[in-house]
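Here is how the chains run, residue by residue.
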Amino acid sequence: MKKYLFAFLTMLLLQGNIMCAQSVAPDTCINVDTLIAESMKYLGTPYRWSGKTPKGFDCAGFTRYIYGKFGVMLAPSAGGQYKMCRRVGNDSLRVGDLVFYGGRKHSKIVGHVGIITEVNEDGSFRFIHSATTTGICITSSKAPYYLKRYIGACRIIRCGEEASKP
């Protein structure tokens, strides 16, 4: 009986995790200027492995914390965040989009995430993130380390007509 109860509870927990992974509402509408202003308050905050608070953040902990302040629950890992939001092409990047990078050892597997703070006419952008050496900082997408590891971008903030698209 204990075995069946354990299996049942495990299934419920897994369903909850799946539901959480899909918790980004299709009509999420946040003032992007407010989001970026909030994220800028943490510039210089130290990097902390598995950090989720202003005492120290890892990359996914930072994006999750910032979006959480606006009622959006993101997955706790960069890979999980990449899986839960709608991909956008490089030609349609916007401020507030999440950008994803490969990790140090596996540049094809999502291992890092940041939030776009500025998009330039040439398609390059700047993003705020938690880097292991500097903590919360702003970096250019043209920086060689990140340029070669870029995987893609996802959109969380969708307002107006954009919200009704699949």
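Residues numbered from 1 in each chain as written. Predicted model: local features only at pLDDT ≥ 70, side-chain atom pairs only at ≥ 80, totals over all residues. Heavy atoms only, no water.

**Q** Whenever I open this one, the pairing of strand β8 (residues 150-155) confuses me. Can you help?
**A** In summary, the side chains of a regular strand alternate between the two faces of the sheet. Pairing geometry for strand β3 (residues 86-88) and β8, over three bridges, is antiparallel. Counted as the bridge partner of Arg-87 is Cys-154 from β8. (Pairing = 2+ DSSP bridges. Helix = DSSP H or I, 4+ residues; strand = E, 2+ residues; numbered from the N terminus.)

**Q** Please clarify how the environment of Cys-137 should be interpreted in this entry.
**A** Along the chain, Cys-137 falls in strand β7 (residues 135-140). A residue is classified by how much of its surface remains accessible, and Cys-137, at 15% relative accessible area, is buried. Sequence separation of Cys-137 and Phe-127 is 10 residues, and the distance between their C-alpha atoms is 8.2 Å. If sequence neighbours within four positions are ignored, Cys-137 has contacts with Leu-43, Phe-127, Ile-128, His-129 and Ala-131. (Buried < 20%, exposed > 50% of the residue type's maximum accessible area, 1.4 Å probe, protein only. Contact = heavy atoms within 4.5 Å.)

**Q** Can you walk me through the packing of helix α2 (residues 32-40) against helix α3 (residues 59-68) in this structure?
**A** Helix-helix packing is characterised by the crossing angle of the two axes and by the distance between the axes. Where α2 contacts α3, the axes come no closer than 10 Å and their chain directions differ by 130°. Compared by their axis directions, α2 and α3 come out oblique. Considering the relative orientation of α2 and α3, their crossing is right-handed. Contacts between α2 and α3 involve Leu-35, Glu-38 and Ser-39 from the former and Phe-62, Ile-66 and Tyr-67 from the latter. (Axes fitted to C-alpha atoms, helices over the stretch in contact; angles between N-to-C directions. Parallel < 35°, antiparallel > 145°, perpendicular 65-115°, else oblique. Left-handed = near helix turned anticlockwise from the far one by under 90°.)

**Q** I would appreciate a short explanation of the nonpolar core in the present structure.
**A** Generally speaking, nonpolar side chains in soluble globular proteins are found buried as a group. Counting 27 residues, the largest nonpolar core has Leu-35, Tyr-67, Leu-98, Phe-100 and Ile-115 as its most contacted members. Those elements that place two or more of their residues in this core are α2, α3, α4 (78-84), β4 (98-102) and β5 (110-119). Top element by residues in this core is α3. It accounts for five residues. Not counting residues within four places of it along the chain, the set of residues in contact with Ile-115 comprises Leu-35, Ile-36, Thr-63, Ile-66, Tyr-67, Gly-96, Asp-97, Leu-98, Arg-126, Phe-127 and Ile-128. Ranked by size, the runner-up nonpolar core spans 11 residues in total, among them Leu-93, Val-99, Phe-127 and Ala-153. (Core = buried A, V, L, I, M, F, W, Y, C linked by side-chain atoms within 4.5 Å.)

**Q** Looking at this structure, how should I read the packing of aromatic side chains?
**A** The description of two aromatic rings rests on the distance between their centres and on the angle between their planes. Counted according to the given criterion, the structure contains 12 aromatic pairs. With 5.2 Å between their ring centres and 55° between their planes, Phe-57 and Tyr-65 make a pair best called tilted. Taking relative accessible area as the criterion, Phe-57 reaches 0% and is therefore assigned buried. A relative accessible area of 25% means that Tyr-65 is categorised as partly exposed. Taken together, a centroid distance of 5.6 Å and an interplanar angle of 65° make the contact between Tyr-101 and Tyr-150 edge-to-face. Highlighted residues: Tyr-101 in strand β4 and Tyr-150 in strand β8, separated in sequence by 49 residues. Residue Tyr-101 is classed as buried on the basis of its relative accessible area, which comes to 1%. Of the residues examined, Tyr-150 reaches a relative accessible area of 23% and is grouped as partly exposed. (Phe/Tyr/Trp six-rings, centres within 6.5 Å; stacked < 30°, edge-to-face > 60°.)

**Q** Explain the confidence of the model for the protein to me, please; I cannot follow it from the model alone.
**A** Caution applies to low-pLDDT parts of the model: their predicted coordinates are not meant to be read in detail. Confidence along the protein averages 84 in pLDDT terms, with 78% of residues attaining 70 or more. Taken as a whole, residues 2-23 scores under 50 in pLDDT and shows five contacts with residues more than four places along the chain or in a different chain. Low pLDDT, under 50, characterises residues 161-166; the predicted model gives this stretch eight contacts beyond four residues in sequence or across chains. (pLDDT = per-residue confidence, 0-100.)

**Q** Help me understand the sheet that holds strand β6 (residues 125-131) in this model?
**A** As a general point, the strands of a sheet are linked pairwise by backbone hydrogen bonds and lie either parallel or antiparallel. Spatially, six strands are ordered β3-β8-β4-β5-β6-β7 in an open sheet, and the strand pairing comes out antiparallel. The open sheet has two free edges, formed respectively by β3 and β7, since each of these has just one partner strand. Pairwise comparison of adjacent strand axes, ignoring direction, gives a mean angle of 40° for this sheet. When β5 meets β6, the two strands line up antiparallel, connected through four bridges. Across the sheet, the residue bridging to Glu-118 is Arg-126, located in β6. Sheet contacts for α2: β5, β6 and β7; angle to β5, the most-contacted strand, approximately 120°. Against the sheet, α3 contacts β4, β5, β6 and β7, and its axis sits at roughly 50° relative to β5.

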